[in-house]
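Given next are the chains, with one letter for each unit.
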Amino acid sequence: MKKPIIETRGKLGVLLPGMGAVGTTFIAGVEAIKKGLGKPIGSLTQMGTIRLGKRTEKRVPKIKDFVPLANLEDLVFGGWDIFEDNAYRAALKAGVLDKTLLDQLKPELEVIQPMKAVFDQNYVKKLHGTYVKKAETKWDYAQMLMEDIANFKEKNHLDRIVMDWCGSTEVFIKPHAIHEDLENFEKGLKENHPDIAPSMIYAYAALKMGVPFINGAPNLTTDIPALLELADRNGVPVSGKDYKTGQTLMKTILAPGLKARLLGLSGWFSTNILGNRDGEVLDDPGSFKTKEESKLSVLDYILQPDVYPELYKNYYHKVRINYYPPRGDNKEGWDNIDIFGWLGYPMQIKIDFLCRDSILAAPIVLDLVLFMDLAKRNGMKGIQEWLSFYFKSPMTKPELYPEHDLFIQHMKLKNTLRYMMGEEQITHLGIDYYED
Ligand SMILES: NC(=O)c1ccc[n+]([C@@H]2O[C@H](COP(=O)([O-])OP(=O)(O)OC[C@H]3O[C@@H](n4cnc5c(N)ncnc54)[C@H](O)[C@@H]3O)[C@@H](O)[C@H]2O)c1
C-alpha cells in the first residue's frame, strides 16, 4: 500500500535563477490569473483533467483536485539576475506581455527584486553582467546562494521552496572527472575549477538545502553524477533539461504520428528567427552548440532508425537558430519535412509556426514547480523521468534512453499521478468492455 502524500500547507517559494522573458512571463502570468485578468492556458495542473477507473465510471476530476498541489495564492516569487531590474521592469524589457496588462500588475511585480547573481562570462559570452556577487571561490559563491535561499525562506515565512533555472543557455561542456562524484565536485568548487558552471553552483546550493531543482535550459547542470549523488543523499527531486516549446514541441507531436503510420523520412530541415535576449545568447556558437545538441537528439529517439532502417536510416536533420532582433520574443519557425510513402513516393510537409516562446514556456514552468513540490512531498528523489513531457532533452538514468514521444510522455505523467494516489493504471486495453 502506498504511503499517503503529505498535504500541501503554508507558502511555497519559487526561486528563479534568471528573471528574463520566460521567468517574468511566468510570474506576471500567475499574478494576472490570480486577479482574473487571464486564464492559465497550456497548464496541465490548472486546466487538465485525469480519467480514473473505467470509462463507464465517468470519474474525470481536474488534476488539481486529484493530487494535492500548492495553490497559486500560496506561491511567493524570488530569484537572481545579472541585471538589477525588478520583475516589472524586466517584463517590460522582455516585451512579451502588453504594457497595459503589466501596469495592472505593477504593485505585485515591482516588489520582486532579483538578488545579485553568480555569473561567469566564460559561460554566456554575449552578456555582460553588472549585478553580480563577488567572491574568491566557487565554494564561497555556493555558500552565498545558500544564505540567499535561507533568508528568502525566513523573510517570507515559507514552508517549502522549488528552484527553476530560467537563466541563459550556457556554453556547451562535456562531463569532466570533476563532475564524477560529490567529493571531487566540492574540491572543484574550492579550487575554482573552470568546468563548474554557474548553473551547477545554483543547483548545488539548492540540493544542499533540500530544494528541488528544475533545469529549463539545455545546460549540463544537474545531469552529472556528483549532483545526482547529492540529490539522492538529501532526498531531493531534480528534473530537466530544456523546456519543450515551439519547434521541438511540433516535432515531438508530428514525428510519432509519421512513425505510427510507418511513413519514411528523408529529411527534416528546421530553421528559426527570433530576436529576444535568448536569441542573442544563442548567437554565440558555444551556447548554440548546447541548444543544438538538445534539439537534434529528439528525432532519432522517436523514429528509432536501428529498428526501422528502411524508413529512417539515412534521414538528414538540420536545426538552425538565427538571431533577428525585429521579431523580439515572437519567433518564427519553419520546418520542411521530406517524407515518403507507399512504394517510396516522396511527399513534403511545411510548417510555419508563428509562435511566442515565453507564452509557451510559462505554463511549463508553473506545472514543473507544482509537480516538483508534489514529488518532494511524496518522498520522490533524484531524476523525475515522469516529467519528461515538459522537456526537449529529458533526463534519465544513464542506462535508459529518454522517451521523446509527447503522447507516451503524457501517459507516463498521468499514470504516475494515478500511482501516487493509489489509483489503477490505465492501459487503454478496453477489451473487458466487450466481454460478458
Ligand atoms: N520557450 C522558451 O523561451 C524556452 C524554451 C526552452 C528553453 N528556454 C531556455 O530558458 C532560458 C530562459 O529563456 P529566456 O527567453 O527567458 O531568456 P532571457 O535571456 O530573456 O532570460 C535569461 C535571464 O537569465 C539571466 N542570467 C544569465 N545568466 C545568469 C546567471 N548566471 N544567474 C542569474 N541570471 C542569469 C539573464 O540576465 C536573463 O535576464 C534560456 O536558457 C532558454 O534557452 C526557453
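Treat the numbers as computed from the prediction; the structure is a model and nothing was measured. (Residues numbered from 1 in each chain as written. Predicted model: local features only at pLDDT ≥ 70, side-chain atom pairs only at ≥ 80, totals over all residues.)

Asker: How do you make sense of the site of the ligand when you look at a structure like this?
Answerer: Taken together, 36 residues are adjacent to the ligand, and G18, G20, V22, A217 and R277 come closest. Secondary-structure elements contributing two or more residues to the shell around the ligand are α1 (21-34), β2 (75-81), α12 (277-282) and α15 (357-377). Top contributing element to the shell around the ligand by residue count: α15, with 4 residues. Of the residues assigned to the shell around the ligand, the class counts are 20 nonpolar, 11 polar and 5 charged. In this structure, the shell around the ligand is formed jointly by two domains, domain 1 (11-243 + 358-420) and domain 2 (246-354), each of which donates at least three residues. (Near = placed C-beta within 6 Å. Helix = DSSP H or I, 4+ residues; strand = E, 2+ residues; numbered from the N terminus. Nonpolar A, V, L, I, M, F, W, Y, C, P; charged D, E, K, R; others polar. Domains from an automatic or database assignment.)

Asker: What is the right way to look at the sheet that holds β2 in this model?
Answerer: Where strands meet in a sheet, backbone hydrogen bonds hold them as pairs that are either parallel or antiparallel. Read from one edge of the open sheet, 7 strands run β3-β2-β1-β4-β5-β6-β11, paired in parallel fashion. Sheet topology places β3 (115-116) and β11 (382-383) at the edges, where each strand pairs with a single neighbour. Examined bridge by bridge, strand β1 (residues 11-17) and β2 share 6 bridges and lie parallel to one another. Paired with L15 across the strands is G78, a residue of β2. Against the sheet, helix α9 (residues 198-208) engages β1, β4 (158-165) and β5 (213-215), with an angle of about 160° to β4. Packing of α15 onto the sheet brings it into contact with β1, β4, β5 and β6 (237-240), and relative to β4 it is tilted by some 130°. (Pairing = 2+ DSSP bridges. Contact = placed C-beta atoms within 7 Å. Axes fitted to C-alpha atoms, helices over the stretch in contact; angles between N-to-C directions.)

Asker: Got a minute to help me understand the sheet that holds strand β9 (residues 332-340) in this structure?
Answerer: Taken in spatial order, the 4 strands make up an open sheet running β8-β7-β9-β10, and their pairing is mixed. Of all the strands in the sheet, the pair left with one neighbour each is β8 (316-323) and β10 (346-354). Pairs of neighbouring strands in the sheet enclose a mean axial angle of 10°, with direction left out of account. Pairing between strand β7 (residues 264-274) and β9: 9 bridges, direction antiparallel. What sits directly across from W268, in β9, is I337. Each of β7 and β8 is contacted by helix α13 (residues 285-303), which is oriented at about 150° to β8, the strand it contacts most.

Asker: What's the story with the nonpolar core in this structure? I'm lost.
Answerer: It is characteristic of soluble globular proteins that their nonpolar side chains tend to be buried jointly. If you look at the biggest cluster of nonpolar residues, it comprises 102 residues, and the most contacted ones within it are I201, L227 and V365. The element that contributes the greatest number of residues to this core is α15, accounting for 12 residues. For this core, the two domains that each supply at least three residues are domain 1 (11-243 + 358-420) and domain 2 (246-354). (Core = buried A, V, L, I, M, F, W, Y, C linked by C-beta atoms within 7 Å. Buried ≥ 20, exposed ≤ 12 C-beta atoms within 10 Å, placed from the backbone.)

Asker: Sorry if this is basic, but what is going on with the pairing of β10 here?
Answerer: Among the 9 residues that make up β10, 0 are buried, leaving the element largely open to the surroundings. Inspection of the sheet shows β9 paired to β10 by 9 bridges, in the antiparallel sense. The residue bridging N336 from the neighbouring strand is K350, located in β10. Counting the residues that bridge the hairpin from β9 to β10 gives 5 residues, and of these L343 lies at a positive phi of roughly 65°.

Asker: I keep staring at the domain arrangement of the chain and nothing clicks. Help me out?
Answerer: In many reports, interface size means the accessible area that the parts give up when they come together. What the domain assignment lists for the chain is domain 1 (11-243 + 358-420) and domain 2 (246-354). With centres defined by C-alpha atoms, the gap from domain 1 to domain 2 works out at 26 Å. Taken together, the contact pairs 28 residues of domain 1 with 28 residues of domain 2. Within the residue set of the side of domain 1 that touches domain 2, elements represented by two or more residues are α15 and α16 (406-420). For the side of domain 1 that touches domain 2, the residue count by class is 13 nonpolar, 8 polar and 7 charged.

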